[in-house]
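Spelled out, the chains give:
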Amino acid sequence: MRRHLMLALAAALPCLVPALLAAQGTGQVKEPFRPPIQFTDEDPAPPIPADVTDDRRVARNYPEQPPVIPHNIRDYQISLNNNQCLTCHSRQFTGATQAPMISITHYVDREGQTLGAVAPRRYFCTQCHVPQTVAQPIVPNTFRDMDSLISRPSDGGDRR
């Protein structure tokens, strides 16, 4: 029965659409209220916040968090043929630049083999590591790191 009703409605739909469109032109069909939209009005884009460039390491909030980038990388080249991050952070250059060396995990491929160069899956740094800006958060952040959760004073109540 239900199937027959659906087939009847589907068959009647092409006949009803022209009638509804004709009634709409005469003002018989009421549309829900829609505020007028002006496509020519544009809000100015907010300014891009300045990068944090103090080169100070930022504490991590959880054990596996990738370190954030404490300097400007706006014009850095990271492509298949060039990774400008490695000019300071690869093993051979950290002595001269005093930059922290990338983790040894970045030299391990998918099969667990340690390579002599950065593994292809870890080559594009900005997949995980992000630069910091002085922008204020749009949404308040209530995140608490693991250490503050562990060291919070207990209220004496048993929460089971």
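Fair warning: this is a prediction, and the values are worked out from it, not measured in the lab.

Caption draft 1: Looking closely at the packing of aromatic side chains. Tallying each qualifying case throughout the model produces one aromatic pair. Relative to Phe124, the ring of Tyr123 has its centre 5.2 Å away and its plane inclined at 90 degrees; by these criteria the two rings are edge-to-face. The ring of Tyr107 carries the charged tip of Arg91 above its face, separated from the ring centre by 4.2 Å.

Caption draft 2: Structural detail: the nonpolar core. In this structure, Leu86, Ile102, Tyr107, Val118 and Tyr123 together form the largest nonpolar core, which totals five residues. Ignoring anything within four residues of it in the chain, the contact list for Val118 reads Leu86, Ile102, His106, Tyr107 and Tyr123.

Caption draft 3: Quick look at the side chain of His129. By the secondary structure assignment, His129 is in the loop between helix H3 (94-97) and helix H4 (146-150). Overall, His129 belongs to the buried group, its relative accessible area being 17%. With residues up to four places along the chain from it excluded, the contact list for His129 reads Pro66, Pro67, Ile69 and His106.

What counts, and where the lines are drawn
Residues numbered from 1 in each chain as written. Predicted model: local features only at pLDDT ≥ 70, side-chain atom pairs only at ≥ 80, totals over all residues. Heavy atoms only, no water. Phe/Tyr/Trp six-rings, centres within 6.5 Å; stacked < 30°, edge-to-face > 60°. Lys NZ or Arg CZ within 6 Å of the ring centre and 35° of its normal. Core = buried A, V, L, I, M, F, W, Y, C linked by side-chain atoms within 4.5 Å. Buried < 20%, exposed > 50% of the residue type's maximum accessible area, 1.4 Å probe, protein only. Contact = heavy atoms within 4.5 Å. Helix = DSSP H or I, 4+ residues; strand = E, 2+ residues; numbered from the N terminus.

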